[in-house]
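# Close look at the chain arrangement
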Amino acid sequence: MTLSGYRLMWIMVMFDLPVVKKKERAAATKFRHFLLDQGFEMAQYSVYMRFCAGKEQTAVYERRIRENVPARGKVHILYFTDKQYENIVSFEGRHQEEDRKNPEQFVLL
């Protein structure tokens, strides 16, 4: 069975959480650790991404994120296909990074 780049999905979580008070910093750290525990990888400090087998799996992660969103701050969830992911252009400084390598197989966690 061939996996379609239009069925395979990526989920991106972007957030802006308050970190002025000690309690807010703790909540933000807890949320970041939650995302890492769920198999997300940090793309940038407040941007995390995860590869999913399809739309059904992204719905599971959306529910889990909803249950763990801190009381204050903003959290955004974006979805895009593996084909769209291939078109991301990334720079580190003024140097363009190499094209991203999509997973060849699923990783069991």
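Anything mentioned here points back to the structure above.
Here's what I pulled together on the structure shown here.

Basis of the calculations
- Residues numbered from 1 in each chain as written.
- Predicted model: local features only at pLDDT ≥ 70, side-chain atom pairs only at ≥ 80, totals over all residues.
- Heavy atoms only, no water.
- Helix = DSSP H or I, 4+ residues; strand = E, 2+ residues; numbered from the N terminus.
- Contact = heavy atoms within 4.5 Å.
- Areas by Shrake-Rupley, 256 points an atom, 1.4 Å probe, with all protein chains shown as cover.
- Expected span 1.5 Å × (residues − 1).
- Buried < 20%, exposed > 50% of the residue type's maximum accessible area, 1.4 Å probe, protein only.
- Arc of directions from axis to C-beta.
- Pairing = 2+ DSSP bridges.
- Core = buried A, V, L, I, M, F, W, Y, C linked by side-chain atoms within 4.5 Å.
- Salt bridge = Lys/Arg side-chain N within 4 Å of Asp/Glu carboxyl O.

Here we take up the overall build of the protein chain. Helix and strand content of the protein chain: three helices and six strands. When the helices and strands of the protein chain are listed from N to C terminus, the series reads β-α-β-β-α-β-α-β-β. Long-range pairs, those at least 24 residues apart, make up 68% of the contacts in the protein chain between residues at least 6 apart in sequence. Accessible surface, the protein chain: about 8300 Å² in total, of which carbon and sulfur atoms supply 52%.

With 16 residues, helix α1 (residues 22-37) extends 22 Å between its outermost C-alpha atoms, agreeing within 8% with the 22 Å of an ideal straight helix rising 1.5 Å per residue. Residues E24, A28, F31, R32, F34 and L35 constitute the buried set of α1. All buried residues of α1 fall inside an arc of 155° around its axis, so they share one side. In α1, the exposed positions angled more than 90 degrees off the buried face are occupied by K22, K23, K30 and D37.

Another point: helix α2 (residues 55-68). Spanning 14 residues, α2 covers 20 Å between terminal C-alpha atoms, matching the ideal 20 Å at 1.5 Å per step. Looking at the packing, one finds that the buried side of α2 touches β1 (9-16), α1, β3 (47-52) and β4 (74-81).

The next thing to look at is the pairing of strand β2 (residues 41-44). With three bridges joining them, β2 and β3 adopt antiparallel strand pairing. Counterpart to M42 in the pairing with β3 is Y48. Here β2 folds back onto β3, and the loop between the two strands holds two residues.

A separate point is the nonpolar core. Membership of the largest hydrophobic core comes to 14 residues, with the highest contact counts inside it found for I11, V13, F15, F31, L35, F40 and I65. Going through the elements one at a time, β1, α1, β3 and α2 are the ones with two or more residues in this core. If we ignore the near neighbours within four places in the chain, the residues touching I11 are F40, Y48, M49, R50, C52, T58, Y61, E62, I65, I77, L78 and Y79. L8, F51, F80 and Y85 belong to the second-largest nonpolar core, a separate cluster that totals eight residues.

It is worth spelling out the pattern of salt bridges at this point. Inspection of every chain in the model, using the stated rule, returns five salt bridges. Ionic pairing is found between R66 and E62, a salt bridge with its closest N-O pair at 2.8 Å. With R66 and E62 both in helix α2 and four residues apart, the pair spans about one turn of that helix.

Shape is all these values report; function is a separate question.
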